[in-house]
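Summary of the model geometry
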Amino acid sequence: DVKVTQSSRYLVKRTGEKVFLECVQDMDHENMFWYRQDPGLGLRLIYFSYDVKMKEKGDIPEGYSVSREKKERFSLILESASTNQTSMYLCASSLFVIGGDNEQFFGPGTRLTVL
Amino acid sequence: SQKIEQNSEALNIQEGKTATLTCNYTNYSPAYLQWYRQDPGRGPVFLLLIRENEKEKRKERLKVTFDTTLKQSLFHITASQPADSATYLCALRRGSTLGRLYFGRGTQLTVWP
């Protein structure tokens, strides 16, 4: 079974702090994704990566950066946390096979509160 | 930009009935559509995929249809059970987007006994 783990289930930070969210997958997937999920807004893509050191902006990249130094690990960085970044953050990974299902496997999520 | 709409935020049905959830999309034709289930406080879990050249796909009590003319997918749960209560998300993948998915906001299904 694919396993996607996230470093924390719950996190409380103060405004202006630099925040690191870590995600690790154990199935050698090429693609990794960071989403945030807010009530009424659904899943919104922040960044994704299709290979080591490669990244693409999603729909809401402002205020975030990412790092992918190893294939299994994808980090989301909040450079200076703000209260409007309080949210549930979900990491996902998938294969990228032409013609394949390429379903995404999600981690359990990190509920981040910025005070 | 890609837009995906799921027909309603909430759907309540009685146990044993068929639940039907709708997903409509605009602007681009997807290579395929996926459906996910999400329980409170957890990440979504993949259920089914249907490709652009397929009309229908089944898995146990689940059925998905895909109408590219209407730009719509329907997701059916037959003989629904209270354990089917969850939020269901549709997601589409365009042919040229390196595997990223575009998600709808989800429909919260409640099955009552």
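The following refers to the structure shown. (Residues numbered from 1 in each chain as written. Chains lettered and ligands numbered in written order. Predicted model: local features only at pLDDT ≥ 70, side-chain atom pairs only at ≥ 80, totals over all residues. Heavy atoms only, no water.)

1. Focus: the interface of chain B and chain A
Where the parts come together, the accessible area they lose is often given as the size of the interface. Taken together, the contact between chain B and chain A spans 20 residues of the former and 25 residues of the latter. With both sides pooled, the region where chain B packs onto chain A buries about 1800 Å², and carbon together with sulfur makes up 53% of that total. Two residues, A:Asp59 and B:Arg100, come together in a salt bridge whose shortest N-O distance is 3.0 Å. Counting only elements with at least two residues in the side of chain B that touches chain A, the list comes to β4 (32-38), β5 (45-51) and β9 (86-93) of chain B. (Contact = heavy atoms within 4.5 Å. Buried area = accessible area lost by both parts, 1.4 Å probe. Salt bridge = Lys/Arg side-chain N within 4 Å of Asp/Glu carboxyl O. Helix = DSSP H or I, 4+ residues; strand = E, 2+ residues; numbered from the N terminus.)

2. Considering the state of the cysteines
All names here are of chain B. Throughout the structure, instances matching the rule amount to two disulfides over all chains. Through a disulfide, Cys23 is tied to Cys90; the S-S separation comes to 2.0 Å. Taking the torsion about the S-S bond as the criterion, the Cys23 to Cys90 disulfide, at about 60°, is right-handed. Remark: Cys90 occurs in strand β9 and Cys23 occurs in strand β3 (residues 19-26); sequence separation between them is 67 residues. Across the pair, exposure class does not vary: Cys23 and Cys90 are buried alike. (Disulfide = S-S within 2.5 Å. Buried < 20%, exposed > 50% of the residue type's maximum accessible area, 1.4 Å probe, protein only.)

3. Re the environment of A:Arg73
Residue and element names in this part refer to chain A. Position of Arg73 relative to the elements: it lies in strand β8 (residues 73-78). Owing to a relative accessible area of 38%, Arg73 belongs among the partly exposed residues under this scheme. With 69 residues separating them along the chain, Arg73 and Val4 place their C-alpha atoms 9.8 Å apart. In this view, Arg73 contacts Glu22, Cys23, Val24, Met32, Ser67 and Arg68; residues no more than four positions away in its chain are not counted.

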